[in-house]
Amino acid sequence: MKKIISITLAVFLGIHFVHAVEDVRYPIIPRPVKLIPKVGEFVINANTKILSDKKTIELKKVIDFLEEAVTVSSHLRLLDASSGNTGVIVFETDAGVENEEGYKLSISEQRIVVKYKTARGAFMAVQTLRQLFTSNDKVIVIPAAEIEDYPRFVHRGVMLDVARHYFPVDFIKKYIDLLSYYKINTFHIHLNDDQGWRIEIKKYPKLQEIGAWRKETRVGHRNDKPEIYDGKRYGGYYTQEELKDIVAYADARFITVVPEIDIPGHAQALLAAYPQLGCQDTTYEVSTDWGVHKEILCPKEETFQFLEDVFDEVITIFPGKYIHIGGDEVPKDRWKESVFCQQLIKQLNLKDEHELQSYFIRRVEKFLNSKGKSIIGWDEILEGGLTHNATVMSWRGEKGGIAAAKLGHNVIMSPNTFMYLDYYQTTEQRRRESVANGRALPIDKVYSYNPVPDSLSTEEAKYILGPQANLWTEYIKTPERVELMTFPRACAMAEVGWTALVRKDYNDFLNRLNTNVKYLEKQKVNFAKYNLQQ
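Residues numbered from 1 in each chain as written. Predicted model: local features only at pLDDT ≥ 70, side-chain atom pairs only at ≥ 80, totals over all residues. Heavy atoms only, no water.

**Here's the deal with empty space enclosed by the protein**
All chains considered together, the criterion is met by 3 cavities of 30 Å³ or more. In this structure, the largest cavity spans a volume of roughly 40 Å³. Phe 304, Leu 307, Glu 308, Phe 311, Arg 363, Val 364 and Phe 367 together form the lining of the largest cavity. Mapped onto the lining of the largest cavity, the elements with two or more residues apiece are α8 (301-317) and α11 (353-370). (1 Å grid on protein atoms, 1.4 Å probe; cavity = no way out; pocket = protein on both sides within 12 Å on 5 of 7 lines; lining within 4 Å. Points joined across faces, edges and corners; volume = space filled by probe spheres on them. Helix = DSSP H or I, 4+ residues; strand = E, 2+ residues; numbered from the N terminus.)

Dropping the structure here:
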């Protein structure tokens, strides 16, 4: 009996020791599929070389990125070489790596070997190496280990709303850098809303000349009475060249940028520029307040031609597969009041305004499909029916995502109850800070999320592409505030999207995070320190 107890205790202590070693020496986020600690470390110094079996354009991006990371960390420069067994970092393809983003990483005192199927996987290995860097001006030290890794989900995204508040290009690049560090592979940029239009469209210059600017902004919470405004003109937009630069920057970090042009609702800034696209014979102004607005686009031929022209330009900027077309929070009041809309409903033999919205979405989707693009929409696009090509982003809880998966639609799970980063981070924060959205969403709740609902069958679960965290910016005016609300909760989301359920452990995550955030400190990130200690 004593022997059994001893063995059990030894096994327990062994597991605990391995976890402790991972926490201290290997503070990797998200946690890898398999990590075997080894004695010793690899030292990058002035003589360290890089070997690769084939330098494709994509792999060159990875190697260039690693070389820059080494230089930034230690002022060293890696050397190119064609052979060598000691003091080398080797990149080689491996048929045994099946996942597009998967990799195997062998770190010994003599060499580092990165094995991968695609350059994307090699890049994920490099990000793991970066998280293991301990550096000074002369050397970088990396602890020895054997790591095998691949993500649980293909989509791991973060959305930033630049419509309510505009953020400079340099900050957007910094934000992309930070997301990439945690193996987040999708940056969703919300480019328009009632309060602003943020993308240059050359054929329709009033969008940026008028739609990008509001005369003032409401101060305080949307529910505060009396209403108070700051009296200051506010706005800004990104030129097409700036957005192309952002896309290229993200691409070098293997992040896909998904643009969102939100239609047919959230269109007041658009209508301020081109009022003829509304259902009323009136003028509009860019909204100075938050919340859901009644002003929406009218589904007439002029509107569809306008949108096709806009998307033609959007497509030239964003080469990725997806265009997000919004579709959320579309009040039907103006359509109900419109003689044209009511006649169109009868003409098309539609049941109601919900099916009219479906008609609107299908028209836009058909055009984008003809250009080789697929659409993503918020879960409201399910109302009235939807084509199977559309991907549903479920934000009003999981109900829309579950329904979409059961219908055979791809789904991105983004429920506000787990994935909305504009929510308070603690109840204490709510007492100290009077203005934010929603309820408290602490980091442990973000971490607890499982994007695959229990109600889905194994076959239906295959339609879940992964999770996404969203940051709406009604009450977020500065880059520093964006950082505070995003990090480290985005680190928790990254682990939700990457790490297998059996490998998730919140206390272990916190231990790794408390070491990992030293990187955020070095990058002068204004991250939140709530609940970081166990």
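**A few points about the environment of Leu 76**
Mapped onto the fold, Leu 76 is located in the loop between α2 (57-74) and β3 (79-80). In this view, Leu 76 contacts Ile 44, Asn 45, Ala 46, Val 70, Thr 71, Lys 138, Val 139 and Ile 140; residues no more than four positions away in its chain are not counted. (Contact = heavy atoms within 4.5 Å.)

**Examining the packing of aromatic side chains**
Taken as a whole and assessed by the stated rule, the structure comprises 25 aromatic pairs. Judged by centre distance (5.0 Å) and plane angle (50°), the ring pair of Phe 304 and Phe 360 falls under tilted. Placement of the pair is Phe 304 in helix α8 and Phe 360 in helix α11, with a sequence separation of 56 residues. Assessed through its relative accessible area of 3%, Phe 304 is described here as buried. Looking at Phe 360, the relative accessible area reads 0%, which means it is buried. Through pairs of rings, three or more aromatic residues link up here, namely Phe 167, Phe 171, Tyr 175, Tyr 181, Tyr 182, Phe 187, Phe 487 and Tyr 519. A cation sits over an aromatic face here: Lys 183 above Trp 498, 5.6 Å from the ring centre. (Phe/Tyr/Trp six-rings, centres within 6.5 Å; stacked < 30°, edge-to-face > 60°. Buried < 20%, exposed > 50% of the residue type's maximum accessible area, 1.4 Å probe, protein only. Lys NZ or Arg CZ within 6 Å of the ring centre and 35° of its normal.)

**A closer look at the environment of Met 159**
Relative to the helices and strands, Met 159 is located in strand β9 (residues 157-161). Separated by 32 residues in the primary sequence, Met 159 and Leu 191 place their C-alpha atoms 11 Å from one another. Setting aside anything within four residues of it in sequence, one finds Met 159 in contact with His 188, His 190, Gln 468, Ala 469, Asn 470, Leu 471 and Trp 472.

**Describing the packing of helix α6 (residues 240-251) against α8**
At a minimum axis separation of 9 Å, α6 and α8 run at an interaxial angle of 40°. Between α6 and α8, the interaxial angle falls into the category oblique. Along its contact with α6, which presents Gln 240, Leu 243, Lys 244 and Val 247, the element α8 presents Glu 313, Thr 316 and Ile 317. For the contact of α6 with α8, a count of residues per class yields 3 nonpolar, 2 polar and 2 charged. (Axes fitted to C-alpha atoms, helices over the stretch in contact; angles between N-to-C directions. Parallel < 35°, antiparallel > 145°, perpendicular 65-115°, else oblique. Nonpolar A, V, L, I, M, F, W, Y, C, P; charged D, E, K, R; others polar.)

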